Each structure stands twice: as C-alpha cells, then as structure tokens.
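# Reading the structure
One-letter residues, chain by chain:
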Amino acid sequence: MLAFARLRELFGFSSQSRALPNGATLATLWEQLVAERPDAAAMRPSTRFARNGVLAEETTALFDGDEIALMPPVGGG
C-alpha cells in the first residue's frame, strides 16, 4: 500500500504491507487505517483510491498481492 502527500504524513508511512480479512474492500482498509489514526478521517471525502494502478471505488474487493494507492487531492497551477 502506498500513501501520498498529506496522507503519508497522517498515517506515518509511504509504503506498507498489511494483512486484511477475506472479503475486504477498500472501505475495510480505510476503516482500519482510520481506527489507528482518527485524525485522518476528515480526509476521506477527498481521498481517491487506486488498485493495481487503476482508480477504484471504496467498494472494490481486495486480493492478496494488490497494490493500493491512497491519494489526496492534487492542486497545481
């Protein structure tokens, strides 16, 4: 799992492996992370997920070996 920008700061990692229960989704993963770092909960509305390099919804099922990216909004100009 990869975390970028502000999420990397909040969760305290840029790359991490994590075991999840069978039937886990991206929402399950997010709930685990926020249980450990409640201050990150406010980032959920603007956080995007990618599974194996493809944007994914929080209902997306996860499988062993998936690469997950947690991405906050990106601004620029």
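For the structure itself, consult the block above.
Report follows, based on the coordinates. Sequence positions are assigned chain by chain, starting from 1 and proceeding in written order. For this predicted model, a pLDDT threshold of at least 70 governs which residues receive local features, and a threshold of 80 or more governs which side-chain atom pairs are given and counted, while totals over whole chains, interfaces and linings are taken from all residues. Hydrogen atoms and water are omitted, and side-chain values are computed over all heavy atoms in the structure.

Quantified by volume, the largest pocket comes out at close to 340 Å³. As defined here, a cavity is a set of points on a 1 Å grid over the protein atoms alone where a 1.4 Å probe fits but cannot get out. A pocket is an open set with protein on both sides within 12 Å along at least five of seven lines, and residues line them when an atom is within 4 Å of a point. Considering the residues around the largest pocket, the lining is formed by 17 residues, among which Arg18, Leu20, Phe63, Gly65 and Asp66 are closest to the centre. Charged means Asp, Glu, Lys or Arg here, nonpolar means Ala, Val, Leu, Ile, Met, Phe, Trp, Tyr, Cys or Pro, and polar covers whatever is left, Gly included. Here the residues of the lining of the largest pocket sort into eight nonpolar, five polar and four charged. Grid points are joined across faces, edges and corners, and a volume is the space filled by probe spheres set on the points.

For each residue, the accessible area found with a 1.4 Å probe, counting protein chains only, is set against the maximum for its type, and the residue is called buried under 20%, exposed over 50%, and partly exposed in between. We count a stretch as a helix when DSSP gives it H or I for four or more residues in a row; a strand needs E for two or more, and each element gets its number in order from the N terminus. Listed in full, the buried residues belonging to helix α2 (residues 26–36) are Leu26, Ala27, Leu29, Trp30, Leu33 and Val34. Buried residues along α2 cover an arc of 155° about the axis, so they all sit on one side. Of the exposed residues in α2, those oriented more than 90 degrees away from the buried face are Glu31 and Ala35. The contact criterion used throughout is that any non-hydrogen atoms of two residues lie within 4.5 Å. Buried-residue contacts for α2 involve α1 (5–11), β2 (48–51), β3 (54–56) and β4 (68–71). As used here, the arc belongs to the directions running from the helix axis to the C-beta atoms.

So, on to the nonpolar core. Counting residues in each nonpolar core, the largest one holds 18 residues, and the members touching the most others are Phe11 and Leu70. Of all the secondary structure elements, the ones that give two or more residues to this core are α1, α2 and β4. With five residues, α2 is the largest single contributor of residues to this core. With residues near it in sequence (within four places) discarded, Leu70 still touches Met1, Leu2, Ala3, Phe4, Leu7, Phe11, Leu33, Arg48 and Phe49. The criterion is simple. A nonpolar core is a set of buried Ala, Val, Leu, Ile, Met, Phe, Trp, Tyr and Cys residues joined through side-chain atoms within 4.5 Å.

What follows deals with the side chain of Asp66. You can see Asp66 is positioned in the loop between β3 and β4. Here a polar contact is taken to be a pair of N or O atoms separated by no more than 3.5 Å, where protein atoms must pair a possible hydrogen donor with a possible acceptor and residues adjacent in sequence count only if both atoms sit in side chains. Within the structure, the side chain of Asp66 is placed 3.0 Å from the side chain of Asn52, a separation counted as a polar contact. Here the side chain of Asp66 touches Phe63 through a polar contact of 2.7 Å, landing on its backbone nitrogen. Not counting residues up to four positions away in its chain, the partners in contact with Asp66 are Arg51, Asn52 and Ala61.

The next thing to look at is unusual backbone geometry. Phi is mostly negative for residues that are not glycine, and the peptide bonds are mostly trans. Even without glycine at this site, Ala5 takes up a positive phi of about 50°. Topologically, Ala5 is positioned in helix α1. With phi around 55°, Asn52 is a residue other than glycine that occupies positive phi space. Position of Asn52 among the secondary structure elements: in the loop between β2 and β3. Given the relative accessible area of 40%, Asn52 is considered partly exposed.

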